[in-house]
Amino acid sequence: MPDTIDIDAAQDEDPEALREALVDQFGYLVDEVTALSTVVDSLPDAILEGRPEPGALSMKELYGTIATLDAEVRPRRVERTVEEETPTLAPVDIEDEVREAGWNEQAMGHILDQVKSARHELTAQLEELSLDAWSRTATLNDESLSLFEQVYRMTQEDFQRLRDLGYRLH
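Summarised in this report is the structure supplied together with it. Since the structure is predicted, the reported quantities are computational estimates derived from the model, not experimental observations.

Moving on: the sheet that holds strand β3 (residues 143–146). With mixed pairing, the three strands of this open sheet are ordered in space as β1-β2-β3. Strands with a single pairing partner mark the edges of an open sheet, and in this sheet they are β1 (88–89) and β3. Strand direction decides the pairing type here: β1 and strand β2 (residues 137–140), joined by two bridges, are parallel. When the sheet's bridge partners are listed, L89 is paired in β2 with L140. Running over the sheet, helix α8 (residues 147–169) touches β1, β2 and β3 and is turned about 90° from β3.

Spelled out as structure tokens, the structure:
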């Protein structure tokens, strides 16, 4: 996925503004989930649990992906990036993990609560970090990424998932 902004230049030019923008954008997911919840809550389970094509995640599983990443994967990556000298982060096959986690068996309201709770906690974790911590790097898929770059990619991945959910609602 191509970058729409030059994170390296932005972090050199005004790292504090970039940090604030990334945290705001990251936290915005809670507003999106809240706005969509009235529509999503009224959908029948057949739609929420159905797969638009073989191998695709259901709507519940797409939300479950965000909740799982925010609760289990991303906080640990942030911690390792900040605390370890030269961390190497293992890639995660999140779709397989989500398929096996039973998200389709949960009530949609409960899933949305988990998404919001996990995002609030991760956003708070990011807000507490010093500006210096945001410049720390970790290796992921043989690429060295600052925390700025990692959070930017997280927001882009979530945008894609929310876009997929939006398409399904229309």
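Okay, helix α4 (residues 59–83) next. With 25 residues, α4 extends 35 Å from end C-alpha to end C-alpha; this agrees with the ideal 36 Å at 1.5 Å per step. Roughly 45° is the biggest bend found in α4, and it falls at L69. Burial runs high along α4: 18 of the 25 residues are buried.

On to the packing of helix α2 (residues 15–41) against α4, then. Two numbers describe how α2 lies on α4: the axes approach to 12 Å, and their chain directions differ by 150°. The orientation of α2 relative to α4 falls into the category roughly antiparallel. Remark: the crossing between α2 and α4 carries left-handed chirality. Every residue of α4 that contacts α2 at F26, L29, V33, L36 and V40 is listed here: Y63, I66, D70 and R74. The residue makeup of the contact of α2 with α4, split by class, is seven nonpolar, no polar and two charged.

In this section: the environment of A67. Along the chain, A67 falls in helix α4. In this structure, the C-alpha to C-alpha distance between A67 and P52, residues 15 residues apart in sequence, is 21 Å. Every residue in contact with A67, bar those within four places of it in the chain, is listed here: W103, Q114, V115 and A118.

For the rest of this paragraph, the subject is the packing of aromatic side chains. Within this structure, the stated rule accounts for one aromatic pair. Between W134 and F148, the aromatic rings sit 5.4 Å apart at their centres with planes inclined by 50°, giving tilted as the arrangement. Here F148 lies in helix α8 and W134 lies in helix α7 (residues 131–134), a separation of 14 residues in the sequence. F148 matches W134 in its accessibility class, with the two residues each being buried.

Glancing now at the side chain of K60. Its place among the elements puts K60 in helix α4. Apart from residues lying up to four places away in sequence, K60 is in contact with D45, L48, E49, W103, N104, Q106, M108 and I111.

Quick look at the nonpolar core now. Where a protein is soluble and globular, its nonpolar side chains tend to be buried together. Counting 22 residues, the largest nonpolar core has L29, V33, V40, Y63, M108, V115 and L165 as the members making the most contacts within it. Broken down by secondary-structure element, the contributors of at least two residues to this core are α2, α4, α5 (94–100), α6 (108–128) and α8. With seven residues, the single largest contributor to this core is α4. Apart from the residues lying within four places of it in its own chain, the contact partners of L29 are I66, V115, R119 and L162.

What counts and what doesn't
Residues numbered from 1 in each chain as written. Predicted model: local features only at pLDDT ≥ 70, side-chain atom pairs only at ≥ 80, totals over all residues. Heavy atoms only, no water. Pairing = 2+ DSSP bridges. Helix = DSSP H or I, 4+ residues; strand = E, 2+ residues; numbered from the N terminus. Contact = heavy atoms within 4.5 Å. Axes fitted to C-alpha atoms, helices over the stretch in contact; angles between N-to-C directions. Expected span 1.5 Å × (residues − 1). Bend = angle between axes of the 7 residues up to and from the residue. Buried < 20%, exposed > 50% of the residue type's maximum accessible area, 1.4 Å probe, protein only. Parallel < 35°, antiparallel > 145°, perpendicular 65-115°, else oblique. Left-handed = near helix turned anticlockwise from the far one by under 90°. Nonpolar A, V, L, I, M, F, W, Y, C, P; charged D, E, K, R; others polar. Phe/Tyr/Trp six-rings, centres within 6.5 Å; stacked < 30°, edge-to-face > 60°. Core = buried A, V, L, I, M, F, W, Y, C linked by side-chain atoms within 4.5 Å.

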